[in-house]
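Single-letter residue listing:
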Amino acid sequence: MGTVPKGTAPKSLKFMKLSQIGEFGLIKEIQKGIRLSPRVIKGIGDDAAVIRSRVGKNLLVTTDMMAEGVHFTTAMDPLAIGHKALATNISDIAAMGGTPTCAVIAFGAPSGIELKQVTDVFQGIKNTARRFKIDVVGGDTIKTNRIVINITLLGEAFPQQLVYRSGAKPGDVIFVTGALGDSLKSGRHLKFVPRLKESQYLVKNWKPSSMIDISDGLVADLGHILEMSQVGAVLEEGLIPCQGQASLTQALYDGEDYELLFTLPRVQARRMLSKPQAGFSFYPIGEILTSKENFLLQKRNGRRQILNRKGFEHFK
Ligand SMILES: [Mg+2]
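Keep in mind that this is a model prediction, so the values were computed, not measured.

Thresholds, definitions, all that
For every chain, the first residue of the written sequence is number 1, and numbering continues from 1 along that sequence. Owing to the predicted nature of the model, reporting of local features is limited to residues with pLDDT of at least 70; listing and counting of side-chain atom pairs is limited to 80 or more, with chain, interface and lining totals taken over all residues. Side-chain measures here rest on the full set of heavy atoms in the structure, leaving out hydrogens and waters. Donor atoms are limited to N, O and S found within 2.8 Å of the metal ion, a distance that becomes 3.2 Å for Na, K and Ca. With water left out, some sites might look partial. Numbering of helices and strands runs from the N terminus; a helix is a DSSP stretch of H or I covering at least four residues, while a strand is a stretch of E covering at least two. Remark: exposure states derive from per-residue accessible area (1.4 Å probe, protein chains only) relative to the maximum for the residue type, with buried under 20%, exposed over 50%, and partly exposed in between. Here a cavity means grid points, on a 1 Å grid over the protein atoms only, where a 1.4 Å probe fits yet cannot get out; a pocket means an open set of points with protein on both sides within 12 Å along at least five of seven lines; lining residues are those with an atom within 4 Å of a point. Grid points are joined across faces, edges and corners, and a volume is the space filled by probe spheres set on the points. Segmentation of the chain into domains, including their bounds, is taken from an automatic or database domain assignment. Amino acid classes used here: Ala, Val, Leu, Ile, Met, Phe, Trp, Tyr, Cys and Pro are nonpolar; Asp, Glu, Lys and Arg are charged; the rest, including Gly, are polar. Contacts between residues were defined by any pair of non-hydrogen atoms, one from each residue, lying within 4.5 Å. Classification of ring pairs rests on two measures: the distance between centres of Phe, Tyr or Trp rings, Trp counted by its six-membered ring, which must be within 6.5 Å, and the angle between planes, read as stacked under 30 degrees, edge-to-face over 60 and tilted in between. Definition used: whenever NZ (Lys) or CZ (Arg) falls within 6 Å of the ring centre and also within 35 degrees of the ring normal, the charge is taken to sit over that ring. Grouping buried Ala, Val, Leu, Ile, Met, Phe, Trp, Tyr and Cys residues that are joined through side-chain atoms within 4.5 Å yields what is termed a nonpolar core. Only one rule defines a salt bridge in this text: a Lys or Arg side-chain nitrogen within 4 Å of an Asp or Glu carboxyl oxygen.

**Quick word on the coordination of the magnesium ion**
- Coordination of the magnesium ion by the protein involves Asp92 (OD) and Asp213 (OD), with metal-donor separations of 2.1 Å. Here aspartate 213 lies in strand β8 (residues 210-213) and aspartate 92 lies in helix α2 (residues 78-95), a separation of 121 residues in the sequence.
- Residue aspartate 92 is classed as partly exposed on the basis of its relative accessible area of 23%.

**Here's the deal with the layout of surface pockets**
- Its volume calculated, the largest pocket comes out at about 780 Å³.
- What lines the largest pocket is a set of 35 residues, among which Asp64, Asp92, Ser215, Asp216 and Tyr258 lie closest to the centre.
- Those elements giving two or more residues to the lining of the largest pocket turn out to be β3 (58-67), α2 and β8.
- Element by element, the count of residues in the lining of the largest pocket is highest for β3, at nine residues.
- The two domains that each donate at least three residues to the lining of the largest pocket are domain 1 (11-160) and domain 2 (163-306).
- Taken as a whole, the second largest pocket holds about 580 Å³ of empty space.
- Of all the elements in the fold, those that place two or more residues in the lining of the second largest pocket are β4 (99-109), α3 (115-131), β5 (135-143) and α5 (196-205).
- Split into classes, the residues belonging to the lining of the second largest pocket amount to eleven nonpolar, five polar and eleven charged.

**Details of the side chain of glutamate 237**
- One can find glutamate 237 in the loop between β9 (232-236) and α7 (248-253).
- Given a relative accessible area of 14%, glutamate 237 falls into the buried group.
- Residues in contact with glutamate 237, not counting those within four places in the same chain, are Leu248, Leu297, Gln298, Lys299 and Arg300.

**As for unusual backbone geometry**
- For aspartate 182, which is not glycine, the phi torsion reads 65° and is therefore positive.
- Here aspartate 182 shows up in the loop between β7 (173-176) and α4 (183-186).
- The phi dihedral of tyrosine 258 falls on the positive side, at around 55°, and the residue is not glycine.
- Exposure remark for tyrosine 258: the relative accessible area of 7% places this residue in the buried category.

**Considerations on the packing of aromatic side chains**
- Applying the stated criterion across every chain, the model contains seven aromatic pairs.
- Consider the rings of phenylalanine 280 and phenylalanine 282, whose centres lie 5.9 Å apart with planes at 35°: the pair is tilted.
- Across the ring face of phenylalanine 158, the terminal group of lysine 57 is positioned such that the distance to the ring centre comes to 4.7 Å.

**Some words on the nonpolar core**
- Leu86, Phe107, Ile125, Ile134, Ile149 and Ile151 are the most contacted members of the largest nonpolar core, which has 36 residues in total.
- Secondary structure elements with two or more residues in this core: α1 (18-31), β3, α2, β4, α3 and β6 (148-157).
- If near-sequence neighbours (up to four positions away) are discounted, phenylalanine 107 is found in contact with Val118, Val121, Phe122, Asp140, Thr141, Ile142, Ile147, Val148 and Ile149.
- Counting 25 residues, the second largest nonpolar core, distinct from the first, contains Val219, Leu248, Tyr253 and Phe295.

**Here's the deal with the pattern of salt bridges**
- Evaluated as defined, the whole model comprises eleven salt bridges.
- Residue aspartate 135 is joined to arginine 39 by a salt bridge in which the shortest nitrogen-to-oxygen separation is 2.9 Å. Of this pair, aspartate 135 sits in strand β5 while arginine 39 sits in the loop between α1 and β1 (40-42), and the two are 96 residues apart along the sequence.
- Here arginine 39 falls in the partly exposed class, since its relative accessible area comes to 23%.
- Ionic pairing is found between arginine 54 and glutamate 156, a salt bridge with its closest N-O pair at 3.5 Å. Of this pair, arginine 54 sits in the loop between β2 (50-51) and β3 while glutamate 156 sits in strand β6, and the two are 102 residues apart along the sequence.
- Given a relative accessible area of 12%, glutamate 156 falls into the buried group.
- Residues joined in a network through salt bridges with shared partners are Arg54, Lys57 and Glu156.

Here it is as structure tokens:
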């Protein structure tokens, strides 16, 4: 267990099991400390939440599921697990060029689990929700054999700010927002900051032709852009930023970096690289090619190597 901030659970609840307070007791615990913004007309406590819709903006919806034994273990800090459950969703909204608004949380846990472990997971979610101005407006809890967390996140965007995976064009420059590799072993995957500020800056000041967040690995996620855009790509070995001690292979294939990967038309890319970008680092790492068969790595020694798209695949 990691460190826990004061006030996450009253002393009387400290050594209680989840079964001792039951579902309604848990919902009360979850509701503590939640402050809602004016866009929420009705939050937790009715059959459904009611949210004011915004004229002129499109509604975005994403969901991400995490299970004990697959994505995390109970030995990990429950606050960090909660953070990650929400942050992966924020990263997906950011990858579309949107801003997150409201979240609903579906949660399952064994009844014999310590209550504090559960309230800390929710505290982790609430801390990150507050930081990113997200309203937690509802959810559901059930008894399961192992902990399961599924957050559905709503977001919004002006139609002209939406960025899809399908817009990359030959000649576009490929960028990444940060160094890659070794996220799982180093523990960064539990602490990462979703690139929402970067995304907002990009869609307001530039017009990325395509964008995705790197969850399955650089090669796998760039592969999604290439497939959806019907193009190819060449990555420059010497330009790929590697995290700490991470090798090039790790930077190419490790997952869970949650950096943004985007493409910009060459003229815009040149302008972007010619001046500082409000404190953000955007690393050019390659270029979009014409044929969708071409997915290459330009080696430092001048040779070109074909990249295979083995990244993280679910169900394998
Ligand atoms: Mg994604």
